[in-house]
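Chain residues, written in single-letter form:
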Amino acid sequence: MHQPSHRNFRFMLWAGFAIAALLAGCQTTQTSDKAPVEERTPSTGATTPGAGTAGTTGSAVTGSATGTQGNPLRDPRNVLSKRSVYFDYDSYAVKDEFKPLIEAHAKYLQTTRTARMTIQGNADERGSREYNIALGQRRAETVKRMMLLYGATDTQIETVSFGKEKPKNPGHDEGAWAENRRDDVVYAGE
Amino acid sequence: MIRPPRFFATLVWVAALALALASTAPRAQLTIEIIGGGGTTVPIAIVPFAGEANYPYPLTGIIGADLARSGLFKLIDPAGVNPRPARAEDVRFGEWTARGADAVVVGSVTPQSDGRVEVRFFLLDAVKQTQLAGFSYVVAPSQFRPTAHKIADIIYEKLTGDAGVFSTRIAYIAKQGPRYELLVAEADGYNAQVIVTSNEPLLSPVWSPDGMRIAYVSLENKKPIIYVQSLATGQRQVLANFRGSNSAPAWAPDGSRLAVTLSRDGGSQLYLINADGSGVQRLMSSAAIDTEANFAPDGKSILFTSDRGGSPQIYRLTLGNGAVERMTFEGSYNVSPRHLPDGKGFVFVRRDGGRFNVAIEDFATRQVQVLTQGTIDESPSVAPNGKLILYASGNGGRGILAAVSSDGRVKQRLTAAASDVREPAWGPLPK
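Residues numbered from 1 in each chain as written. Chains lettered and ligands numbered in written order. Predicted model: local features only at pLDDT ≥ 70, side-chain atom pairs only at ≥ 80, totals over all residues.

**A closer look at the overall build of chain A**
Cut-off, in case you're wondering: Strands are runs of DSSP state E lasting at least two residues, helices are runs of H or I lasting at least four, and both sets are numbered from the N terminus onward. Three exposure classes are used, all based on how many other C-beta atoms lie within 10 Å of a residue's own C-beta (placed from the backbone): buried at 20 or more, exposed at 12 or fewer, and partly exposed between those limits. The contact rule is simple: place each C-beta atom from the backbone, and if two of them lie within 7 Å, those residues are in contact.
What chain A contains, in helices and strands, is four helices and four strands. Helices and strands appear in chain A in the N-to-C order α-β-α-β-α-β-α-β. Taken over 190 residues, chain A has a buried fraction of 32%. Sequence-distant contacts, at least 24 apart, represent 65% of the contacts inside chain A between residues at least 6 apart.

Printed below as a string of structure tokens:
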């Protein structure tokens, strides 16, 4: 007597969702609604205004390298345009094939003392979210340590991790996972 | 006495709630169904309360759905009993034992002159022919859902001996397209409220012990930063934003500080930090990954995940003397420890072959029981009565939440239409 059928309930849910979708704008407490990439214009303020982004430190956008011409970091023929280092499952050992890339970026930092970069570590989707944050962090720190040996300085490189939260390939097979076990090198201002 | 409850090999009970959905329900609202279970159930008849039909929220529908969802009760249909009893003295026990009911709930809803409503209910043992509980509440009609949950908590506690958790809240993350939302809902999935929205991933929400704040990790500034947000005001504060990654917050039982994982000094290491972000203090120094701290209920020790032994395993740090002890030995991947509220054991995630499942370990015997059978089960969160474990389950596709009883017998599935849900966190018992 007191329970509608499952189908009715589903219908009510959908109807509710449809109305909710219309109202979505007014009911959410929007604390951050930043578009992640659209910051190409050389405005001095780095962060998009928006409630709740207070307290940010680090990675200030320094206005440099606006065009691609003559910029070795953007020249597809230059090894510096290569930004990703890939890893084996559950591993943070750097494979030999990536050493020239790491060395080239380290030398660039050594000769361009004002350059700053972030190494972003990533993991594949298997396993705990937080453990994968730590694993991605270690992958990033491993590459940073090599860069320090090649001549970069500590203050030039921040290492962070996205864990398994930002997969480059959304698939669920070994091919996708291999792409997602990765460090990305991102220079300040890019 | 309540008769020994009956055994149900495959209980399939769709807990459809008899509620018109409020039009403000977010898309990521959860619906809960029991997908399997068994063990023991108490047959209980819940008679519609006199006068409740005059209100949009049917109290007894909510109470019945709460109890049925727990997997520990079987609802006995009261239809046909005439007149319907509304007071303890009106109940003719023979009518109910004949239907197989061991317990009967009756009650009434009476309007007051000030617009509020008096809700009275009685819980009776039909076999022993005694009253087990009787309460009356004067509430605004808008408080019907919380009142129904409170009544269900009392019935649950009287008949099972454990605290009910129907009045608690849960938090979880929903991903809808590129958008991430942190939501808080009642334990039955209703009244989901979006408390944070972001275009970048959100993870690891944890409730403060008083239920007033939630700490979580956000990648909105292109790195993991820990925030603490007040549920009452919606205001948030940066808890930890140091160089490197800041993640895995865990509240101390007194709510004054948290354990967190920071990489500011190199490596992912454990630190304590005051709840206002001050007073950072390193807990340990290791060359390994140390993360996923979780305080014991007495605050004297911390379980955490570390790969110091070559593979990720769970360890216990005694805060008084700094002693560290390995807690898991079987398997090459044991992570995400969370204490049981009685402090006698913990749940965690173990990898076996290619599967990740939630398991439970007893501190005294070191015995491990695997509780779930999914492909990728993760992020377990224990109900404050220790009886249910909420976790995220995915099979490569859309994530859902699921719950399993700590004895592995009752299983629930919580789905949200059109969104990928994960990272559940069960809130504390209300004060």
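There's more to say after this.
**Quick word on helix 3 (residues 144–160) of chain B**
Residue and element names in this part refer to chain B. The condition that has to hold: For a helix, the expected span equals 1.5 Å multiplied by the residue count minus one.
Across its 17 residues, helix 3 extends 24 Å between first and last C-alpha, which sits within 8% of the 24 Å expected from 1.5 Å per residue. Residues of helix 3 that are buried: Phe144, Thr147, Ala148, His149, Lys150, Ile151, Ala152, Asp153, Ile155, Tyr156 and Leu159. On its buried face, helix 3 sits against strand 3 (40–46), helix 1 (59–69), strand 5 (103–111), strand 6 (117–125) and strand 7 (130–139). Looking one or two residues past helix 3, Gly161 carries a phi angle of roughly 85°, positive in sign.

**Re the domain arrangement of chain B**
Residue and element names in this part refer to chain B. Note the following rule: Just so you know, the domain bounds were taken from an automatic or database domain assignment. In this classification, Asp, Glu, Lys and Arg are treated as charged, Ala, Val, Leu, Ile, Met, Phe, Trp, Tyr, Cys and Pro as nonpolar, and every other residue, Gly included, as polar.
Each assigned domain of chain B is listed with its residue range as follows: domain 1 (40–160) and domain 2 (169–426). Centre-to-centre separation of domain 1 and domain 2, based on C-alpha positions: 36 Å. Residue-level contacts link five residues of domain 1 with six residues of domain 2. Per-element tally for the side of domain 1 that touches domain 2: the top contributor is helix 1, with three residues. Its residues assigned to classes, the side of domain 1 that touches domain 2 comprises one nonpolar, one polar and three charged.

**A look at the sheet that holds strand 4 (residues 182–187) of chain A**
Strand pairing in a sheet relies on backbone hydrogen bonds, with the paired strands running either antiparallel or parallel. Residues and elements named next belong to chain A. As a reminder, the rule being used: Two strands are counted as paired when DSSP detects at least two bridges linking them. Only the stretch in contact is used when fitting a helix axis, every axis being a line fitted to C-alpha atoms; angles between N-to-C directions are given from 0 to 180 degrees.
The mixed open sheet is built from four strands, whose spatial order is 1-4-2-3. Looking at which strands have only one partner, the edges of the open sheet turn out to be strand 1 (84–86) and strand 3 (157–163). The sheet shows a mean angle of 20° between the axes of neighbouring strands, direction not considered. When strand 2 (residues 117–122) meets strand 3, the two strands line up parallel, connected through six bridges. The residue bridging Thr118 from the neighbouring strand is Glu158, located in strand 3. Sitting on the sheet, helix 3 (residues 129–149) touches strand 1, strand 2, strand 3 and strand 4, and the angle it makes with strand 3 is about 155°.

**Some details on the packing of helix 2 (residues 99–111) of chain A against helix 3 of chain A**
Residue and element names in this part refer to chain A. Put simply, the rule is: The scheme is simple: roughly parallel for angles under 35 degrees, roughly antiparallel for over 145, roughly perpendicular for 65 to 115, oblique for anything else. Two helices that cross are described as forming a left-handed crossing if the nearer one is turned anticlockwise from the farther one by less than a right angle, and a right-handed crossing if clockwise.
As a packed pair, helix 2 and helix 3 sit with axes 8 Å apart at the nearest point and diverge in direction by 60°. One element, helix 2, and the other, helix 3, form an angle in the oblique class. The two elements helix 2 and helix 3 meet at a crossing, and its hand is right-handed. Counting all contacts with helix 2, which are made through Ile102, His105, Ala106 and Leu109, the residues of helix 3 involved are Val143, Met146 and Met147. Among the residues forming the contact of helix 2 with helix 3, the class breakdown is six nonpolar, one polar and no charged.

**Description of the pairing of strand 5 of chain B**
All names here are of chain B. Pairing of strand 3 with strand 5, which is carried by three bridges, proceeds in the parallel orientation. If you follow Ile46 over to strand 5, its bridge partner there is Val105. As paired elements, strand 5 and strand 6 share nine bridges and run antiparallel to each other. Bridging across to strand 6, Pro111 finds its partner in Val117. Connecting strand 5 to the antiparallel partner strand 6 that follows it, the hairpin turn spans five residues, and Gly115 within it adopts a positive phi of roughly 90°.

**What to know about the nonpolar core**
Put simply, the rule reads: In plain words, the nonpolar core is the set of buried Ala, Val, Leu, Ile, Met, Phe, Trp, Tyr and Cys residues that C-beta atoms within 7 Å link up.
Within the largest apolar cluster, 128 residues are counted, with the highest numbers of intra-cluster contacts made by B:Val104, B:Leu183, B:Ala215 and B:Ile389. The two domains that each donate at least three residues to this core are domain 1 (40–160) and domain 2 (169–426) of chain B. Listed in part, the 16 residues of the second largest apolar core include A:Ala106, A:Ala115, A:Ala140 and A:Ile157.

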